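# Overview (structure and organization)
Below, each chain spelled out in residue letters.
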Amino acid sequence: MIRIPADHWLLALRTVLAVWLALFLAMRLDLYQPAWAILAVMIVTLQPVMFTGGTPPLGIIIGRSVARLFGTLFGAVVGLALIALFGQQPMLYLLFSGGWLAFCMYWVMLEQDEYLGYVMMLSGYTATLVSLTAIGTGVDQIWTIALARFTETALGIGCGLLMHVVIAPRFGSRALPGALSSFLSLSARETLASLDAPRSRAQRDDGLKALLATYQQFEKLRGLTRLETRRLSHFIPALDRFAADGLALLTAVRELQTALDYLRACDDGEHWLNQLATAAVPLLETIESAPDGEPSERLVLADFDWDDTTVEPRSRARAELVRQRLGEVLGLLQHGRRLRHALDDPASSRIETLPRERRSRTTHNEHFVARFNAFRVFVAFELLGLFWIHSGWHSGYLAMMLLGVFTMLFAKAPDPAAVVYQFLWGSIAAVIFGGVLLFLVLPVINGFPLLALAVAIPVTIGTLLTPHPRWSAIGLAGAITMMTLLNLNSTYTFAPARYINGGLASIIGTLCAMFTYSLLRQRSPDERIRILMAAYWRGLSRLMREKSLPNRPRLESRLYDRLGRLVALGGSDHALREAIDLHAMALCVWRIRRLRGALGPHRAEIEAWLAGIGARLIARERHDPAVWQSLADEAIAWVERLYHETHLPIASIGEIAMLGHLMREAPGVTLEARANAETADVSMTATTGESRHAG
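Summary of the structure given here. (Residues numbered from 1 in each chain as written. Predicted model: local features only at pLDDT ≥ 70, side-chain atom pairs only at ≥ 80, totals over all residues. Heavy atoms only, no water.)

## Quick word on the packing of aromatic side chains
For the structure on display, the rule yields 13 aromatic pairs. A ring pair is formed by W100 and F103, whose centres lie 5.7 Å apart and whose planes are at 35°; its orientation type is tilted. Here W100 pairs with F103, and both are found in helix α5 (residues 90–110), just 3 residues apart, close to one helical turn. Given the relative accessible area of 41%, F103 is considered partly exposed. A centroid spacing of 6.3 Å and a plane angle of 75° characterise the contact between F183 and F242, whose relative ring orientation is edge-to-face. One end of the pair, F183, is in helix α8 (residues 176–196); the other, F242, is in helix α10 (residues 236–264), and 59 residues separate them in sequence. Comparing F183 with F242 shows no difference in burial state: the two are buried. Note that R64 overlies the ring of Y118, its terminal NZ or CZ placed 4.6 Å from the centroid. The aromatic ring of Y536 is capped on one face by R562, whose charged end is 5.5 Å from the ring centroid. (Phe/Tyr/Trp six-rings, centres within 6.5 Å; stacked < 30°, edge-to-face > 60°. Helix = DSSP H or I, 4+ residues; strand = E, 2+ residues; numbered from the N terminus. Buried < 20%, exposed > 50% of the residue type's maximum accessible area, 1.4 Å probe, protein only. Lys NZ or Arg CZ within 6 Å of the ring centre and 35° of its normal.)

Structure representation (structure tokens):
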């Protein structure tokens, strides 16, 4: 027997009460189609449930409600324009409405802001809903339909939001301090482990992946702060700033690990490392155990006290590199600890010391994915529209409406065809259950209480199914399709042929969406990973060759956005290692170029050398171990040459030395060697087979 959690029953209670309130007000105000108000309640309430598996945080409900309101408004205006311009020209209507869907799809696939993308999604399919409904029921009613769609959607949104606020609201932002504590504690633990002893590459990569997952959780909760509570509103600039600093902390921890390997290779490396550890370990242990504790004064690692004549230049450069990276990690951790402590004490005077400006951010955009999704929704909409027009099928507009809705709703799903397949079964069940409700139950209903009770049964079933991954799409699809088919605004008439025609149109529209995703398949995750890695390489090459130097926070945010996509696509450990190595190389190149002013007479020559490396990378010679060995030797030769330039700062020499170290264990070398070994095995097997055949 399946046990339904109390949270799911509470979700069903909120949904049913919101549906009752929306239905009562819509019928009391004699609105055009009360089912649209119910539909708005179901989508705003249940669509987030598919991804959270339970009651979503109030911030998500608020964000989606506001986004749906504006998206419906924009879509209704576009629907009005489509009918005003092309209401009497079916082919032009198909062309321009399909073009609007494709444009919105392209924007949705590129937009990283969840709520702005939701606005464009709603704008896309609401325009077709409004215009197609007008075509199916009468073009002269377009203004009434557009106004009704917006007002009833706003009514449903308000009712759903009210119930989530009044009945046991769930505030996701309350978990934000805990997520920040976890991120700071894990960062300090990873730093301590790196200082304690050398670790294998796999251990370091696993630690970085766990750190990235913790950061992503903090970033997710940070987005709810703007919407859920005024208590943390004055922390928003500082939280935005630390979101960028968190990426810098991830980078600094990774680079510290490489610098430590570099220093430990020196004969006296442990001596200088012990000096740094003695100063840093107490603070790191405190942050690990109590990230929300009282912040201490900023710890600045002292300069080394050494005799330049007795300490080798190599040791000085490597030790200074570790000091700089460790100092950066400590500074970012202390910044995060000040912010964490202030979240528990909003009246603290330390709030005034928190950063107020927001760092610039940028993301990696997969334009090829966006273009392909826009293309397939345009093709599917045009083909089904041509069939509708030339067949004279009156209810065909319902099929086109659902095609537009489903292709927009699930374009970002990992396997949209499978999700729409679940929706197909939900639609079939809704047609059957809706027929029973419409022809057997509604004729004997007299009064609002019985109508509310009849509607509550399918709403409750759909709500209880939605939190379960296996049944979520079926539950939501059943609720949506049933509300689409039931004409709650009109006096009951026994018209089974019209209902069956509309039900078939709903099923056919869902089937067309499924066939669109199945036949026009976008690139597989493996192909997208290969394209993503190629973007890493192009970015590194461009960083080496271009004259202008990019903003570091923007560079870091783009690199980590790619890393997050790589994890989401299921990238292998080899791909993740390559991405992490490329990230470290990119930041090392960025520092060398930032310090180019201190290179003196060698500046032009070193920049030409970096540009030459960039040209080789773009020429796809990157996976040849001999090429990487040659580049590493060139870097070490530069270091040996610069050691004797006493006027040059140690930091510049150390960065070039680190770049040489990274290139010696260049990303892709392991992959290339494995590919060559596999090729050799295949050739040997083929040769052996031919010999046996000849024998």
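## Topic: helix α22 (residues 603–618)
The end-to-end C-alpha distance of α22, which contains 16 residues, comes to 23 Å, matching closely the 22 Å that a straight helix rising 1.5 Å per residue would cover. Of all the positions in α22, only I606, W609, L610, I613, G614 and L617 are classed as buried. Buried residues in α22, looked at end-on, bunch into an arc of 140°, giving them a common side. (Expected span 1.5 Å × (residues − 1). Arc of directions from axis to C-beta.)

## Some remarks on the nonpolar core
Counting 191 residues, the largest nonpolar core has L250, F410, L566, W609, L659 and M663 as the members making the most contacts within it. W609 has contacts with L631, E634, A635, W638, I656, L659 and M663, leaving out every residue within four places of it along the chain. Grouped together as the second largest cluster of nonpolar side chains are 9 residues, W36, A76, I83 and I142 included. (Core = buried A, V, L, I, M, F, W, Y, C linked by side-chain atoms within 4.5 Å. Contact = heavy atoms within 4.5 Å.)

## Some remarks on the pattern of salt bridges
Under the defined criterion, the tally for this structure stands at 20 salt bridges. Here R552 makes a salt bridge to E328, at a shortest N to O gap of 3.0 Å. Taken together, the residues span a long stretch of sequence, with R552 in helix α20 (residues 552–568) and E328 in helix α12 (residues 313–344) at a distance of 224 residues. Of the residues examined, E328 reaches a relative accessible area of 22% and is grouped as partly exposed. Members of the salt-bridge network, linked through shared partners, are E255, R325, E328, R552, E556, R591 and E655. (Salt bridge = Lys/Arg side-chain N within 4 Å of Asp/Glu carboxyl O.)

## Points about the environment of L610
Following the sequence through the fold, L610 ends up in helix α22. For the pair L610 and I592, spaced 18 residues apart in the sequence, the C-alpha separation amounts to 9.6 Å.

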